[in-house]
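Here is what each chain is made of, one letter per residue.
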Amino acid sequence: MQSVTTPCVGRPTVAIRAALGLVGFSAIIGQIVLMRELVVVFNGNEISLGIMLATWLMWTAAGSGLASCLAHGPSNARRAVAALECLLGVSLLPTIWILRVARTFFQTVPGELVGPVPMLLTSLACLSGFCVLSGALFVVGAHMYQQECGVSSRVATSSAYLLEAAGSGFGGILASVVLLRFFGSFQIATVTALLNLCMAAVLLLRMKRAQVVGVAVAAALFAMPFLAYVAPSLNRSAQQRLWPGFRLLGSRDSIYGNLVVIETGNIRSIYDNGVILASAPDEAAAEEAVHYALLEHPAPRHILLIGGGVNGGIAQALKHPTLGRLDYVELDPALIDVTKQFFPAPSVALSDPRVRIHYADGRRYLKAVRDIFDVIILDLPDPQTAQLNRFYTAEFLRSARDHLTPGGLLALQLRASEDYISPDLAEFLRCIHRTLRQVFPYVVTLPGETIHFFAAVQPDVLTDDPQTLILRLQSRHLETEYVREYFIPFRMAPDRMAQVRELLQPLPTTPVNRDFEPIAYYFDVVLWSAQFKLGFSRWFRAAAHMSFMPIIEGTFVTLLLVALVLGYLPARETRARTSAACCVVATGFTLMALQILLLLAFQSCYGYVYHQLAILIAMFMAGIALGGWMGIRRVRSHDEPPFRAIVTIQLLLVASGPTLIFLVSLPSKISSGSATLLATQFLFPVMAGLGGILGGYQFPIATEIYLGDGSSKAGLGALYALDLLGGCAGALLLSAYLIPVFGFWKTAWLSAAVNLAPALLAARVSLEEAKVSRA
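Residues numbered from 1 in each chain as written. Predicted model: local features only at pLDDT ≥ 70, side-chain atom pairs only at ≥ 80, totals over all residues. Heavy atoms only, no water.

With respect to empty space enclosed by the protein
This is how the line gets drawn: Here the term cavity refers to a set of points on a 1 Å grid, laid over the protein atoms alone, in which a 1.4 Å probe fits but cannot get out; the term pocket refers to an open set having protein on both sides within 12 Å along at least five of seven lines, with lining residues being those that place an atom within 4 Å of a point. Grid points are joined across faces, edges and corners, and a volume is the space filled by probe spheres set on the points. In this description a helix means any DSSP run of H or I spanning at least four residues, a strand means any run of E spanning at least two, and both kinds are numbered starting from the N terminus.
Scanning the entire structure with this criterion turns up seven cavities of 30 Å³ or more. The space that makes up the largest cavity amounts to roughly 180 Å³. Around the largest cavity, the lining is made up of 19 residues, and of these Arg36, Glu37, Ser185, Asp253 and Asn258 lie nearest the centre. Put simply, the parts of the chain that give the lining of the largest cavity at least two residues each are helix H1 (14-41), helix H6 (185-205), helix H7 (209-242) and strand E2 (257-264).

Laid out in structure tokens, this is it:
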């Protein structure tokens, strides 16, 4: 019987192809699972995402670089791949466990914000093992391909890159369609471990097809009880360690995130990805979020509530006798299920015939319906992430304005302080106030621990007279505890109202918050970082005051000078290899920039990137695989000089960032459900695939230049490591600085500047190579 692992010169066996594909499959599954876990641990802050992704790429590059420096004999590459796949497979389970336990070392209270240093240290410690093994596997797998197939190192590297990318694309699609929908983190890690252990056995024992089938059946039989009993038990135990001192009532993973309900005393709290959504009973928060807004309207009949259904806001709104219909928009159906299960009092109101629940994104819902409302209440957390910021932009406010009745109003609230408002917080509140005034001519603010903003289009709709609100409260016979006759005059005292009006007066430098210029997101990063005595807030604020043009000019000039120096290195071969390496680094930076811009642009426009995360990453990796296949074909056909192709790719990358932002911004400007459907199901995945094709096409060509005749083994993993290091720099700079400070458009132009200098260097080397060829 034929073996699936018998060496075949020039053509890889099924086992070799499967082993290299499994490297990419395991890496992308691990990345998706661990990123979701880290989001819960670090409360979803975008700086944490940048730190996580940068750490991931750094350790993977370290593993690739380390493996490329080690010598591999003629017979041990297969054993090395098998050993590394065993280690990679079994490492994902303890990595998840360690991540959940790690929070107890630096977070004394659940829900407490985590500083930048603990984020960095935790990411470095927890991700090191899995990522180093993943990076090393690529290089060792390429050695195995070279030894088993009898090809050069450059062919082996390009082929391994293609197979790994194909496995990553398949893994991302499988995670999106099946794994994340039906399995938890420990169950997914179990499946990944079994696949790697089986693959290791196939490689070591050189199994025949019948033996492979037998191993697969045995693994499936073993997996059934583990997936059904052991993995869920591990998940519950690890979840409890995330919430020490509290009673964990329930935990549920959905495609949008992780929901947890904890209890202490008679207080129950629900967390979404580590961020508290609501606590019950909390009558004060529920009453203030709803009643002040509805009392501003003389007779609210039809209201829209975006968020706030868990804390009892719906029940409070139903107390108003004029109310005939309440539309409640909630993105995650799992949140409603958890509310009904663990919060019986607020969930009773959901069954009222006047309440209509819509499982949709709030912005998408407003684009899809033609209804108009007397009052729209935005009861969401502050814009501390890109997902939340999109509800505080001028674009969203215009959409809300278009769905108000002539005498309607919009209400939202932000955290503040009763006694002292810091300069950073005041600047943040001014930004939101100016954004409101950009859309609504009339805005009234209510001071307090929470500042309430009320906005209307027509005059004489809003009032700052406490007696008017008291009369409406009494005429509606509302039974309240905190919004009462004796509290309202205090909240609306003339001196307090005048003080907050003066505080919110916009300065000439106060910006407007927009979808692709998320200024409020920047302010919240400053407020977040100011809570840690690490100087980060001071550094971030100083860096943010730098003008954009000097930055982009300085970046281009610096890179151009470096390119000029490298262009005059003594040996022609050295200049060519250096140019290829510079282009790979710039491409790694740009591809990561495109990926982050695409994800955050989707988040800014549609708000449910965790639903689309796996498919967008899968399309990106599938594009890399397709581009790698095209690049390998070009190398084999020798249709054109390699440097001419490199220059073309770099110039396309120069235009890629601005082009991407231009295209993805078009559907958000069209108030059409079909445009939204087109963007979510076609445009964003296609853009992800096209971005991947550019990087995938370049890598085999750069490998041909860098490795030359393929006799050097030391550099086999070097280009891969350089590509990852470029991506590491891109992830950290974009998430932690460029996008919060400069927004999407300017960041895209900066990525263009990064590619222009390597493109010029490659063009110079290309001209030199052409002269040599003619000579």
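What follows picks up the thread again.
Overview of the sheet that holds strand E7 (residues 355-359)
Let me state the cut-off plainly: Any two strands with at least two DSSP-identified bridges between them are counted as paired. Structural elements are reduced to axes, namely lines fitted to C-alpha atoms, with helices fitted over the stretch in contact, and the angle between N-to-C directions of any two is expressed from 0 to 180 degrees. Residues count as neighbours in contact if any of their non-hydrogen atoms are within 4.5 Å of one another.
One open sheet holds the seven strands; their spatial order is E7-E6-E5-E8-E9-E11-E10, and the pairing between them is mixed. Two strands lie at the open edges of the sheet, namely E7 and strand E10 (442-446), each paired on one side alone. Mean inter-strand twist for the sheet, computed between neighbouring axes without regard to direction, equals 15 degrees. Set on the sheet, helix H8 (residues 283-295) makes contact with strand E5 (302-306), strand E8 (373-378), strand E9 (404-415), E10 and strand E11 (450-456); between it and E8 the angle comes to about 150 degrees. This element, helix H15 (residues 423-439), spans E9, E10 and E11 of the sheet and lies at about 170 degrees to E9.

Brief notes about the nonpolar core
In a soluble, globular protein the nonpolar side chains are often hidden away together inside. Rules: Joining through side-chain atoms within 4.5 Å is the link that ties buried Ala, Val, Leu, Ile, Met, Phe, Trp, Tyr and Cys residues into a set, and such a set is a nonpolar core. Here's how the labels work: a residue is buried when its accessible area is under 20% of the maximum for its type, exposed when over 50%, partly exposed in between, all with a 1.4 Å probe on protein chains only.
Residues Leu429, Leu436, Phe440 and Phe453 are the most contacted members of the largest nonpolar core, which totals 187 residues. Discounting chain neighbours no more than four positions away, the residues touching Leu429 are Leu414, Arg415, Ala416, Ile421, Ile451, Phe453 and Leu504. Ranked by size, the runner-up nonpolar core spans 35 residues in total, among them Tyr292, Ile314, Ala317 and Val355.

Observations regarding the sheet that holds strand E1 (residues 247-254)
One open sheet holds the four strands; their spatial order is E1-E2-E3-E4, and the pairing between them is antiparallel. At either end of the open sheet lies a strand with only one pairing partner, and these are E1 and strand E4 (275-280). Shown here is a sheet whose adjacent strand axes are inclined to one another by a mean of 15 degrees, direction ignored. Summarising the sheet, strand E3 (residues 267-272) and E4 pair through five bridges and their orientation is antiparallel. Looking at the pairing, Arg268 lines up with Ala280 of E4.

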